[in-house]
Amino acid sequence: LEALAICADDRFQILVCSFLETPTDVTISVPNIQTVAVQYLDETTYEKAASDPEFFAMPGQQLHVQTGNVRLSLLPFAVARLSGTLSSRH
């Protein structure tokens, strides 16, 4: 697994890539997380993504956040895009 996180002001995006041949569960820890949505690029969404250049710009599925942790289930060779907001960092 590999991940890249970008944060600006109170917003963030994280790309999580699986290079595994089997499904895998992963927990991502994001301090001060307030809201988060996920969008997957995998074998179930490939055709939609290939035909729609705005695929990753669409809103994702809202996820439940528990104490700063987000749990993902990735199919083989999947990419997940997390996007959300952070609470103030005082």
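In case you missed it, the structure is sitting above this.
Counting from 1, residues in each chain are numbered in the order their sequence is written. Only residues with pLDDT of at least 70 get local features here, since the model is predicted, and only at 80 or more are side-chain atom pairs given and counted; chain-wide, interface and lining totals rely on the full set of residues. Values shown for side chains rest on all heavy atoms present in the structure; no hydrogens or waters enter the calculation.

Draft legend 1. Quick peek at the pattern of salt bridges. Basic side-chain nitrogens of Lys or Arg form a salt bridge, by our definition, when they fall within 4 Å of a carboxyl oxygen of Asp or Glu. In total, this model carries two salt bridges according to the counting rule given. Among the ionic pairs, Arg 71 bridges to Asp 25, the shortest N-O distance being 3.4 Å. Note that Arg 71 is positioned in strand E6 (residues 69–74) and Asp 25 in strand E3 (residues 24–29), a separation of 46 residues in sequence. A simple rule labels every residue: compare its accessible area, found with a 1.4 Å probe on the protein chains alone, to the largest value its type can have, and call it buried under 20%, exposed over 50%, or partly exposed in between. Given the relative accessible area of 56%, Arg 71 is considered exposed. A relative accessible area of 45% places Asp 25 in the partly exposed class. In this description a helix means any DSSP run of H or I spanning at least four residues, a strand means any run of E spanning at least two, and both kinds are numbered starting from the N terminus.

Draft legend 2. Here's a closer look at the environment of Lys 48. One can find Lys 48 in helix H1 (residues 46–51). Contacts of Lys 48, omitting those with residues within four sequence positions, involve Phe 55 and Met 58. When checking whether two residues touch, look at their non-hydrogen atoms; a contact exists if any pair is within 4.5 Å.

Draft legend 3. A look at unusual backbone geometry. For Asp 9, which is not glycine, the phi torsion reads 55 degrees and is therefore positive. For Asp 9, the position within the fold is in the loop between strand E1 (2–8) and strand E2 (11–17). For Phe 77, which is not glycine, the phi dihedral falls at a positive 55 degrees. With respect to the element layout, Phe 77 can be found in the loop between E6 and strand E7 (79–86).

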